[in-house]
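Take a look at the letters that make up each chain.
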Amino acid sequence: MFVKEITVQNQVGLHARPATFFIQKANGYKSSIWVEKDERRVNAKSLLGVLSLGIVGGTPIRIIADGVDEQQAVEGLIKLVESGFNA
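Let me begin by describing the structure that accompanies this report. The structure presented is a predicted model; accordingly, all values stated were derived computationally and were not measured.

## What about the pattern of salt bridges?
Pairs can form between side chains of opposite charge whenever their charged atoms are close.
Move 1: Per the counting criterion, the structure on display carries three salt bridges.
Move 2: We note a salt bridge from K4 to E75, for which the minimum N-O separation is 3.1 Å. Pair noted here: K4 is in strand β1 (residues 2-7) and E75 is in helix α3 (residues 70-82), with a separation of 71 residues, a long-range link.
Move 3: Judged by relative accessible area, which is 31%, K4 ranks as partly exposed.
Move 4: Its relative accessible area of 30% is what places E75 among the partly exposed residues.

Next up, the structure:
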């Protein structure tokens, strides 16, 4: 299991369009991946799950992966968040 925390910096946070980029990226990995905000954890490959967290700009989240490419998955998703979701 590999875990990293990051603060979402873009203004709109993880809403429709950025969330779609995030899920597409997550689905490119074989590992199981979750996003955690406060005490809630959802499947990072589920659009409804990610949107249900209500992640806005300035929100710290944890990205957790477990599987054969777990570190690559977390690092790739962190890079996407840092880029402001420029896919």
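Anyway, onward from the coordinates.
## A word on the pairing of strand β2 (residues 32-37)
Move 1: Bridge analysis of β2 against strand β4 (residues 60-66) gives five bridges, and the strand direction is antiparallel. Directly across from S32, in β4, lies its bridge partner D66.
Move 2: The pairing of β2 with strand β3 (residues 40-43) spans four bridges and is antiparallel. The residue of β3 that forms the bridge with W34 is N43.
Move 3: In this antiparallel pair of consecutive strands, β2 and β3, the connection spans two residues, and D38 shows a positive phi of 55°.

What counts, and at which threshold
Residues numbered from 1 in each chain as written. Predicted model: local features only at pLDDT ≥ 70, side-chain atom pairs only at ≥ 80, totals over all residues. Heavy atoms only, no water. Salt bridge = Lys/Arg side-chain N within 4 Å of Asp/Glu carboxyl O. Helix = DSSP H or I, 4+ residues; strand = E, 2+ residues; numbered from the N terminus. Buried < 20%, exposed > 50% of the residue type's maximum accessible area, 1.4 Å probe, protein only. Pairing = 2+ DSSP bridges.

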